[in-house]
Amino acid sequence: GENVEQHPSTLSVQEGDSAVIKCTYSDSASNYFPWYKQELGKGPQLIIDIRSNVGEKKDQRIAVTLNKTAKHFSLHITETQPEDSAVYFCAASTRQSNYQLIWGAGTKLIIKP
Amino acid sequence: GAVVSQHPSWVICKSGTSVKIECRSLDFQATTMFWYRQFPKQSLMLMATSNEGSKATYEQGVEKDKFLINHASLTLSTLTVTSAHPEDSSFYICSAHRGKDQPQHFGDGTRLSIL
């Protein structure tokens, strides 16, 4: 079945710098890739997603890139702010699996003031 | 604003008690909802898929008699942890989507503590 690996597990960046979190997936049939942000004691919040027919998507300071050949996708956060501190999860899903999400292990992002 | 509402947010109860958690989709109908469990500093673990009007589909290793799921309407799914014990203490989160190829939106979770 599908497996999603996420790196790094912890990322500490200076406020204002960029942060990049990377995920790889194993099932070439995966066609939907969301990113979620989870703050302490809260449920995950969708921040951006991308489908397999697109290579890049951007929403203000957040962008996601997808390389289908290499089977990896990345989250890019520019001009980081203290409120970006949280745990970020990537996920992948396929139509064949009824769009059930397979999750990465998560990345704890720490923004240093 | 929130599109999925989950209640209660925190429950503390004695061992042997049954606890019901509600998950509501606020502005859309959800034929499918999902229930997850999350241990500290870990990823989300899918427990079961809740299907409106039919039986839930449980993931391997999840006891269906322990975790009862009812999806009685297109906007409400409930998870009942029956005869809860300390090992059932965890963070339970539900999600719902507008359609199979649409994003999953999550509730804010329920922190369950069994004494």
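Calculation criteria
Residues numbered from 1 in each chain as written. Chains lettered and ligands numbered in written order. Predicted model: local features only at pLDDT ≥ 70, side-chain atom pairs only at ≥ 80, totals over all residues. Heavy atoms only, no water. Patch = residues over 30% accessible without salt bridge, like charges linked within 9 Å, V, L, I, M, F, W, Y side chains within 5 Å. Areas by Shrake-Rupley, 256 points an atom, 1.4 Å probe, with all protein chains shown as cover. Salt bridge = Lys/Arg side-chain N within 4 Å of Asp/Glu carboxyl O. Helix = DSSP H or I, 4+ residues; strand = E, 2+ residues; numbered from the N terminus. Buried < 20%, exposed > 50% of the residue type's maximum accessible area, 1.4 Å probe, protein only. Pairing = 2+ DSSP bridges. Axes fitted to C-alpha atoms, helices over the stretch in contact; angles between N-to-C directions. Disulfide = S-S within 2.5 Å. Core = buried A, V, L, I, M, F, W, Y, C linked by side-chain atoms within 4.5 Å. Contact = heavy atoms within 4.5 Å. Phe/Tyr/Trp six-rings, centres within 6.5 Å; stacked < 30°, edge-to-face > 60°.

## Things to note about a nonpolar patch on the surface
Residue and element names in this part refer to chain B.
- Together, W10, I12 and L115 line one region of the surface with nonpolar side chains, adding up to about 390 Å² of accessible area.
- Relative to the assigned elements, W10 resides in strand β2 (residues 10-13).
- Residue W10 is classed as exposed on the basis of its relative accessible area of 55%.

## Topic: the sheet that holds strand β3 (residues 19-25) of chain B
Residue and element names in this part refer to chain B.
- Across the sheet, which stays open at both edges, the four strands sit in the order β1-β3-β8-β7 with antiparallel pairing between neighbours. Pairing within the sheet leaves two strands with one partner each, and these edge strands are β1 (4-7) and β7 (67-73). Taken over all neighbouring pairs, the strand axes of this sheet differ in orientation by 15 degrees on average, direction set aside.
- Direction of pairing for β3 relative to strand β8 (residues 76-81): antiparallel, over a ladder of six bridges.

## Here's the deal with unusual backbone geometry
- Geometrically, the link from A:H7 to A:P8 is a cis peptide bond, its omega value of -5 degrees lying close to zero.
- Inspection of the secondary structure puts A:P8 in the loop between β1 (4-7) and β2 (10-14).
- Following B:H7, the chain continues to B:P8 via a peptide bond in cis, the omega torsion being -5 degrees.
- The topology assignment puts B:P8 in the loop between β1 and β2.
- One non-glycine residue with positive phi stands out, namely A:K71, at about 55 degrees.
- Along the chain, A:K71 turns up in the loop between β7 (62-67) and β8 (72-77).
- Positive phi values are uncommon outside glycine, yet B:S83 reaches one of about 45 degrees.
- Residue placement: B:S83 occurs in the loop between β8 and β9 (90-96).

## Here's the deal with the state of the cysteines
Residues and elements named next belong to chain A.
- Following the criterion strictly, the structure yields two disulfides over all chains and no others.
- Each disulfide pairs two cysteine sulfurs, and for C23 the partner residue is C90, the sulfurs being separated by 1.9 Å. Every disulfide takes its handedness from the sign of the S-S torsion; for C23 and C90 that torsion is -100 degrees, giving left-handed. Note that C23 is positioned in strand β3 (residues 19-25) and C90 in strand β9 (residues 86-92), a separation of 67 residues in sequence.

## Some words on the nonpolar core
- Ranked by internal contacts, the top residues of the largest apolar core, which has 26 residues, are B:F67 and B:L112.
- Of all the secondary structure elements, the ones that give two or more residues to this core are β2, β3, β4 (32-38), β5 (44-51), β7, β8, β9 and β11 (110-114) of chain B.
- Those residues in contact with B:L112, other than ones at most four positions away along the chain, are B:V11, B:C13, B:V19, B:V81, B:D88, B:S89, B:S90 and B:Y92.
- Residues A:I21, A:L66, A:A86 and A:L109 belong to the second largest nonpolar core, which totals 24 residues.

## With respect to the packing of aromatic side chains
- Counted according to the given criterion, the structure contains eleven aromatic pairs over all chains.
- Each ring, one from A:Y36 and one from A:W103, has its centre 5.2 Å from the other, and the planes form 45 degrees; the classification is tilted. One end of the pair, A:Y36, is in strand β4 (residues 32-38); the other, A:W103, is in strand β10 (residues 102-103), with 67 residues separating them in the sequence. The exposure classification of A:Y36 matches that of A:W103, with both residues buried.
- Both rings, one in B:Y36 and one in B:F106, keep their centres 5.4 Å apart while their planes meet at 45 degrees; by these two values the pair is tilted. Note that B:Y36 is positioned in strand β4 and B:F106 in strand β10 (residues 105-106), a separation of 70 residues in sequence. Grouping residues by exposure puts B:Y36 and B:F106 together as buried.
- Here the aromatic residues A:Y36, A:F89, A:W103, B:Y36 and B:F106 are joined through ring pairs into a cluster of three or more.

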